[in-house]
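# Structural description and commentary
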Amino acid sequence: MNSQLSLEELKKLRIFFEYLDEDKSGTICLQELKKTCQRLKIKLNEHEAFELMRLMDRNSNGSIDFDEFVNLLGDKYKHDLTRDELNTFFDKYDLKKKGYIEEKDLKNMLSQFKNGQANIERILKFFDLNNDGKIDRNGEFFFYSFLKF
């Protein structure tokens, strides 16, 4: 496992991992990986999906466990996103250009995920640093949240 990550960073990666592990098996299987890529608008054919799994599955057991997930994303986790990158991401979900994302927006975003509805409260709690029930674009709250995620 990536020892350069703090306990808090590992906890956040665990939350993300558990979110992707739809069947709660403790691993991410090929089907879950393909679904995740599809939801992220990453188009992969069967061969590409299999190759991606092969690259991520370091112990070749056919699935991605948490250690493999951390080893893969650990270095990426430390990458600081620019404000432009964050704004682009935020705009994908703030379709009405309100400057914030509310619980109902999260429900729409996550309706395509099997366990999405169950995770809305956790996501709001994680990204709503000023506890106003919204994920804000303005101020440092949104940027700080995503930089720390």
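Position labels on residues start from 1 in each chain and follow its written sequence. Where totals are concerned, whole chains, interfaces and linings use all residues; where local detail is concerned, this predicted model gives features only for residues with pLDDT of at least 70, and gives and counts side-chain atom pairs only at 80 or more. The basis for every side-chain value is the complete set of non-hydrogen atoms in the structure, without hydrogens or water.

This paragraph deals with the pattern of salt bridges. Within this document, salt bridges are pairs made up of a side-chain nitrogen of Lys or Arg and a carboxyl oxygen of Asp or Glu, the two lying within 4 Å of each other. All chains considered together, the criterion is met by five salt bridges. The partner of Glu102 in a salt bridge is Lys98, and the shortest N-O contact between them spans 3.2 Å. Using a 1.4 Å probe on the protein chains alone, a residue whose accessible area is under 20% of its type maximum counts as buried, one over 50% counts as exposed, and one in between counts as partly exposed. Taking the relative accessible area as the measure of exposure, Lys98 reaches 27% and is therefore partly exposed. The residue Lys98 makes a salt bridge to Asp105 at a minimum N-O spacing of 2.8 Å. Sharing partners across several salt bridges, the network here consists of Lys98, Glu102 and Asp105.

Glancing now at the side chain of Glu32. The helix and strand labels rest on DSSP assignments: H or I over at least four residues marks a helix, E over at least two residues marks a strand, and numbering proceeds from the N terminus. Relative to the elements of secondary structure, Glu32 occurs in helix α2 (residues 30-39). Given a relative accessible area of 5%, Glu32 falls into the buried group. In protein, a polar contact means a hydrogen-donor-capable atom and an acceptor-capable atom, both N or O and within 3.5 Å, with residues adjacent in sequence counting only if both atoms are side-chain atoms; elsewhere, any N or O pair within 3.5 Å suffices. Polar contacts involving the side chain of Glu32 include one to the main-chain amide nitrogen of Cys29, which spans 2.9 Å.

This brings us to a nonpolar patch on the surface. A cluster of nonpolar side chains, namely Leu40, Ile42 and Leu44, defines an oily patch on the protein surface of about 250 Å² accessible area. Following the sequence through the fold, Leu44 ends up in the loop between α2 and α3 (46-56). Every patch collects residues that have over 30% relative accessible area and no salt bridge, joining them within 9 Å if they carry like charges and within 5 Å if they are nonpolar side chains (Val, Leu, Ile, Met, Phe, Trp, Tyr). Each accessible area is a Shrake-Rupley estimate made with a 1.4 Å probe; only the visible protein chains count as cover when residues are assessed.

A word on the packing of α2 against α3. Geometrically, a packed helix pair is captured by the angle between its two axes and the distance between the axes. Where α2 meets α3, the axes come as close as 10 Å, and the angle between the chain directions of the two elements is 115°. Comparing the axis directions of α2 and α3 gives the class roughly perpendicular. In this structure, the crossing between α2 and α3 has a hand that is right-handed. Listed contacts from α3 to Leu30, Leu33, Lys34 and Cys37 of α2 are Glu46, Ala49, Phe50, Leu52, Met53 and Met56. Under the convention adopted here, Pro, Cys and the residues Ala, Val, Leu, Ile, Met, Phe, Trp and Tyr are nonpolar, Asp, Glu, Lys and Arg are charged, and Gly plus all remaining residues are polar. Taken together, the residues that form the contact of α2 with α3 break down as eight nonpolar, no polar and two charged. Every angle, taken between N-to-C directions, lies between 0 and 180 degrees, and every axis is a line fitted to C-alpha atoms, over only the stretch in contact when it is a helix. Roughly parallel means an angle under 35 degrees; roughly antiparallel means over 145; roughly perpendicular covers 65 to 115; every other angle is labelled oblique. Handedness of a crossing is defined here by the sense of rotation of the near helix relative to the far one, left-handed for an anticlockwise turn of less than a right angle and right-handed for a clockwise turn. Contacts were defined at the residue level, with two residues in contact if any of their heavy atoms lie within 4.5 Å.

One finds Ile28, Leu33, Ile64, Phe69, Leu106 and Ile135 to be the most contacted residues of the largest nonpolar core, which totals 25 residues. Ranked by the residues each element gives to this core, the list is headed by helix α1 (residues 7-20), at five residues. Residues grouped as a nonpolar core are buried Ala, Val, Leu, Ile, Met, Phe, Trp, Tyr and Cys residues, joined through side-chain atoms within 4.5 Å.

Along the polypeptide, Asp105 turns up in helix α6 (residues 103-110). The class for Asp105 is buried, based on a relative accessible area of 12%.

Pairing of aromatic side chains here covers Phe, Tyr and the six-membered ring of Trp, requires ring centres within 6.5 Å, and sorts the geometry by plane angle: under 30 degrees stacked, over 60 edge-to-face, intermediate tilted. On inspection of all chains with the given rule, the structure shows three aromatic pairs. A centroid spacing of 5.8 Å and a plane angle of 50° characterise the contact between Phe16 and Phe69, whose relative ring orientation is tilted. On the criterion of sequence distance, the pair formed by Phe16 in helix α1 and Phe69 in helix α4 (residues 66-77) is long-range, its members being 53 residues apart. For Phe69, a relative accessible area of 4% puts it in the buried group. Joined through ring pairs, the aromatic side chains of Phe16, Phe17, Phe66 and Phe69 make up one cluster. Both a distance and an angle decide whether a charge sits over a ring: NZ of Lys or CZ of Arg must be within 6 Å of the ring centre and within 35 degrees of the ring normal. Its end group placed over the ring of Phe66, Arg14 keeps NZ or CZ at 3.7 Å from the ring centre. The ring of Tyr100 has Lys134 sitting right over it, with the charged end atom 4.2 Å from the ring centre.

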